[in-house]
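Residues per chain, in single letters:
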Amino acid sequence: QGRFDEAESHLRDALRVSTAAGYRFDIALILGFLGRNCARAGRFSDGFLFLGTAREEFESTGCYGDVTRIDAWRAEALSLAGDAAAALALADATLSTVKGDRGVPPEVPLLERVRAEALWSLGDTEGAGRALVASVDAARSRGAEYELALAIDVLERMPELRTHFDDVEVLLAERDA
C-alpha cells in the first residue's frame, strides 16, 4: 500500500518480540519482510542486508522453501535497484527450483513479474510481454491480489507490453477495485 515507514515500525516491533522469545523462524520471516519493505521504499542497502540475513537464517534452520521466497524477494530488490541482468539471473534460477506438478507455487507471480521488468530493461519486449502474461495468469490462479496489482502496475510503466493482453481495461479496473 506504499506506507513503508508504518510497515517498518510494525515489523521492527514484531522483530523485538520474536527476538526476545527466541523464535528463529519468525525472526527470519520478519527480516525478510523488512528487506522487501526497504527495497520497495528504495533503501536497497538495508533491503539487501535484511534479505541476506533472512536467507542465512532460513538456510541454517533447514527451511528451504522459505529460502526460495527470500530469493524471489532478492530478485525483486535487484530489479528495483536497477540491476536487470542480476534480477533476471536470480529470477530464472529461483523459478527453476519452484516449478513442479503441484499447481502454481506462490513465488511464480512475483518471479515472472521480475523477469518481465528485467527483460524489458534489457530490450527484450517480446520476452517481457510473455513473462508479464505469465505473472498475471499465475497471480490470478493463486488469488494473489497484491502480486496481480503489482503486475498490472507494470502495464502502466511499460505501455508497450499492453499488446500482449486482450483485457487491459479489465485488468486496470480489477486492480483499482
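Here the structure is shown first, and the text comes after it.
Computed from a predicted structure; not experimentally measured.

J.: Quick question: what am I supposed to make of the side chain of Glu147 here?
T.: Topologically, Glu147 is positioned in helix 8 (residues 145-157). Only 2.8 Å separates the side chain of Glu147 from the side chain of Arg36, close enough to count as a polar contact. Setting aside its immediate chain neighbours within four residues, Glu147 contacts Arg36, Pro109, Leu110, Arg113 and Ala139.

J.: So what exactly am I meant to see when it comes to the pattern of salt bridges here?
T.: Should their charged atoms come close, side chains of opposite charge can pair. Under the defined criterion, the tally for this structure stands at 22 salt bridges. One salt bridge in this structure joins Glu76 and Arg40, with 3.0 Å as the shortest N-O distance. In this pair, Glu76 sits in helix 4 (residues 64-80) while Arg40 sits in helix 2 (residues 24-40), placing the two residues 36 residues apart along the sequence. For Arg69, the salt bridge identified is with Asp66, shortest N-O distance 2.9 Å. Of this pair, Arg69 and Asp66 are both found in helix 4, three residues apart, which corresponds to roughly one turn of the helix. With relative accessibility at 26%, the residue Arg69 sits in the partly exposed group. Overall, the relative accessible area of 13% leaves Asp66 in the buried class.

About the thresholds
- Residues numbered from 1 in each chain as written.
- Predicted model: local features only at pLDDT ≥ 70, side-chain atom pairs only at ≥ 80, totals over all residues.
- Heavy atoms only, no water.
- Helix = DSSP H or I, 4+ residues; strand = E, 2+ residues; numbered from the N terminus.
- Polar contact = N/O pair within 3.5 Å; in protein donor to acceptor, adjacent residues only side chain to side chain.
- Contact = heavy atoms within 4.5 Å.
- Salt bridge = Lys/Arg side-chain N within 4 Å of Asp/Glu carboxyl O.
- Buried < 20%, exposed > 50% of the residue type's maximum accessible area, 1.4 Å probe, protein only.

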